[in-house]
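# Observations on chain architecture
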Amino acid sequence: AFGTGHAWNESGDDGWTRAGLPFALKERREDCTHNGLMTFLFKDSGAVSAVAFQVTNQTCRYLQFDMSGTVTAEYQPGSVDGAAAIVAAVMANRRSRIPTQPVAAIGAKYPGADATRFGSSDEIDPAEMSLFGFLIEGTHFTSDCRTPYGRYPYCDEMLVPSYSTAKSIVAGFGLMLLEAEYPGAARAPVAELVPECADGWDGVTIEHALDMTTGHFDLPDMHGDEDAALSSAFFLGDHRDKIDTACRGYPRKADPGTHLSYHTWDTYLAGVAMTSFLRQRRGPDADFFNDLVVAKLWRPLGLSRIAAATRRTYDDVRQPYAGFGLTLVRDDIARLARFIGPLDGRLDGKEVLDRRLFDAIKQRLPDDPGMLAELETIRYNNGFRSFDVSSYLGCEAPAWVVVLSGFGGIIVAVMPNDTAYYYVSDGNEYRYLAAVRESHRLKPMCR
């Protein structure tokens, strides 16, 4: 996957133009991302140097490496179809990015602020951190992008994986968009939309699949099934393997909506059901990711071009993974956090999501709090976690932080004071209370 680099000329280069290009290697079928740089020289005549490359940054818990070398290259001068539109889109995205300042400068705007509480080394090993940021009152305070060999020079272009944050922003928002357009879609029966789930799935809706409360599971522990060996068939397989795992891999042991078992295949199933629902109404080429998530949310939010693609199955079905598979840049994360927080799920003040489903993730609906998750203070609902931090801040009433979490050490925490903190790491650490407490100090969260 390629980011946007730049080319430049220097005196004494005898007609050669220099180029630098950020890129990333993406693991097949998974989200592991390995960031690198390419550099080379070229001339208008078509002459080109060898390409020197280096891969030094990892966002992958189980596969990390450094790599460097040179490769021969060919250059064919000319214009690519649609190049002007691509450049225009890139420049428009750059112009509309949320204004940034270094995290270290936060004290200048908020006297007394402790910048070290964001990306705190007490919580996340700096050697495992790729980047982090804090969003407050329209300013995106950003870290450097780190590698073992120094600062990554294209920090705005560093490509990072979504992992399970996609459960929130793809599957979660996808169903909220579908429900807004077709009221009642969230409660559509999975068995009528996915033929493989015809047996034993009565009463299970798309919303149950998104909530991971289908009642189909093996081990009672929330994360037991996902950690078991059988899950490899889902993650390494194509659509047939994935849907077989989702529909036939686990017995029915509970009524729908009563037991939470963390299953990425449930999120995949929700995506399959949403695609089926949409195709029944729009035709066989409808795609919930392209037609809903990208068209109705990503583009209006101004997300990067890289965010408009998702991992899909390597077969003719080409089903979006839904529960993982996105590639993002840090401005994408900030825009999505702003949409959840300060914009409260609205675009230009207008509703685009189903308000019931969205309010549920903000813990505004007493009759739909979601299921207890890892702690008594954490709920899982509609693809999102909500974390009541009131006991950590001394609040008398609940203070709910909306949390997006990704494998290996990815967190996006959207706080009730309309601030947000995020980081992308790969040390399997999920701690962020230092940032929550500092945000509370700058802008109190207690009601």
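Since the structure is predicted, the reported quantities are computational estimates derived from the model, not experimental observations.

## Considerations on the pairing of strand β18 (residues 400–406)
The element β18 is largely enclosed, with a buried count of seven among its seven residues. Residues of β18 alternate between two faces, with Trp-400, Val-402, Leu-404 and Gly-406 on one and Val-401, Val-403 and Ser-405 on the opposite face, all of them buried. Both strand β17 (residues 384–388) and β18 contribute to a ladder of four bridges, which runs antiparallel. Note on β18: the bridge partner recorded for Asp-388 is Trp-400. Two elements, β18 and strand β19 (residues 410–414), share five bridges in a ladder whose sense is antiparallel. Residue pairing in the sheet places Ser-405 in a bridge with Ile-411 of β19. What sits between β18 and β19 in their antiparallel hairpin is a turn of three residues, with Gly-408 showing a positive phi close to 95°.

## Brief notes about the state of the cysteines
Under the criterion given, the structure shown has four disulfides. In this model, Cys-32 is linked to Cys-60 through a disulfide, with the two sulfur atoms separated by 1.8 Å. The sign of the S-S torsion, about 55°, decides the handedness of the disulfide formed by Cys-32 and Cys-60: right-handed. A residue pair is termed long-range when its members are at least 10 positions apart, and Cys-32 in the loop between β2 (17–26) and β3 (33–42) and Cys-60 in the loop between β4 (51–59) and β5 (67–71) qualify at 28 residues. Note on accessibility: Cys-32 and Cys-60 belong to one class, buried. Paired by a disulfide, Cys-145 and Cys-155 hold their sulfur atoms 1.9 Å apart. Linking Cys-145 and Cys-155, the disulfide has an S-S dihedral of approximately 75° and is accordingly described as right-handed. One end of the pair, Cys-145, is in the loop between β8 (139–142) and β9 (146–147); the other, Cys-155, is in the loop between β10 (150–151) and β11 (160–161), and 10 residues separate them in sequence. Cys-155 matches Cys-145 in its accessibility class, with the two residues each being buried.

## Structural notes on the sheet that holds strand β15 (residues 371–372)
Taken together, the nine strands give an open sheet; going across it, the order is β6-β8-β7-β20-β19-β18-β17-β16-β15, and neighbouring strands pair in mixed fashion. Every other strand in the sheet has two partners, leaving β6 (100–102) and β15 as the edge strands with one partner each. Where helix α3 (residues 165–181) meets the sheet, its contacts fall on β16 (378–381), β17, β18 and β19, and the angle it forms with β18 comes to roughly 115°.

## So, the pattern of salt bridges
Applying the stated criterion across every chain yields a total of 30 salt bridges. Notably, a salt bridge pairs Asp-287 with Arg-312, separated by 2.8 Å at the nearest N-O pair. Linking Asp-287 in the loop between α9 (264–282) and α10 (288–301) with Arg-312 in the loop between α10 and β12 (327–328), this pair joins segments that are 25 residues apart in sequence. Taken as a pair, Asp-287 and Arg-312 share a single burial class, namely buried. Salt-bridge contacts for Arg-346 lead to Glu-351; the nearest nitrogen and oxygen are separated by 3.0 Å. Judged by its relative accessible area of 25%, Arg-346 is partly exposed. Overlapping salt bridges, with partners in common, bring together Asp-344, Arg-346, Glu-351, Arg-355, Asp-359, Lys-362 and Arg-364 in one network.

## Observations concerning helix α14 (residues 433–442)
The buried count for α14 comes to seven of 10 residues, which makes it a mostly enclosed element. Within the sequence span of α14, burial applies to Leu-433, Ala-434, Ala-435, Val-436, Glu-438, Ser-439 and His-440. Those residues of α14 that are buried are in contact with β7 (129–136), β17, α13 (390–393) and β20 (420–425).

## Describing a nonpolar patch on the surface
A cluster of nonpolar residues, Tyr-62, Leu-63, Phe-407 and Tyr-430, forms a patch on the protein surface that exposes about 360 Å² of accessible area. With respect to the helices, strands and loops of the structure, Leu-63 is situated in the loop between β4 and β5.

## Things to note about the nonpolar core
Residues Ile-169, Phe-173, Leu-178, Val-194, Leu-269 and Trp-298 are the most contacted members of the largest nonpolar core, which totals 85 residues. Leu-269 has contacts with Val-190, Val-194, Cys-197, Trp-201, Ile-243, Ala-246 and Cys-247, leaving out every residue within four places of it along the chain. In terms of nonpolar packing, the next biggest core, distinct from the first, is built from 36 residues, Ala-113, Tyr-262, Ala-373 and Cys-395 among them.

## Some words on the packing of α3 against α9
Two elements in contact, α3 and α9, have axes separated by 11 Å at closest approach and are oriented at 30°. Classified by the angle between their axes, α3 and α9 sit roughly parallel to one another. The chirality of how α3 crosses α9 is left-handed. Of the residues in α9, those touching α3 at Lys-167, Ala-171, Gly-174, Leu-175, Leu-178 and Glu-181 are Thr-264, Thr-267, Met-274, Phe-277, Leu-278 and Arg-282. By residue class, the composition of the contact of α3 with α9 is six nonpolar, three polar and three charged.

Rules used throughout
- Residues numbered from 1 in each chain as written.
- Predicted model: local features only at pLDDT ≥ 70, side-chain atom pairs only at ≥ 80, totals over all residues.
- Heavy atoms only, no water.
- Buried < 20%, exposed > 50% of the residue type's maximum accessible area, 1.4 Å probe, protein only.
- Helix = DSSP H or I, 4+ residues; strand = E, 2+ residues; numbered from the N terminus.
- Pairing = 2+ DSSP bridges.
- Disulfide = S-S within 2.5 Å.
- Contact = heavy atoms within 4.5 Å.
- Axes fitted to C-alpha atoms, helices over the stretch in contact; angles between N-to-C directions.
- Salt bridge = Lys/Arg side-chain N within 4 Å of Asp/Glu carboxyl O.
- Patch = residues over 30% accessible without salt bridge, like charges linked within 9 Å, V, L, I, M, F, W, Y side chains within 5 Å.
- Areas by Shrake-Rupley, 256 points an atom, 1.4 Å probe, with all protein chains shown as cover.
- Core = buried A, V, L, I, M, F, W, Y, C linked by side-chain atoms within 4.5 Å.
- Parallel < 35°, antiparallel > 145°, perpendicular 65-115°, else oblique.
- Left-handed = near helix turned anticlockwise from the far one by under 90°.
- Nonpolar A, V, L, I, M, F, W, Y, C, P; charged D, E, K, R; others polar.

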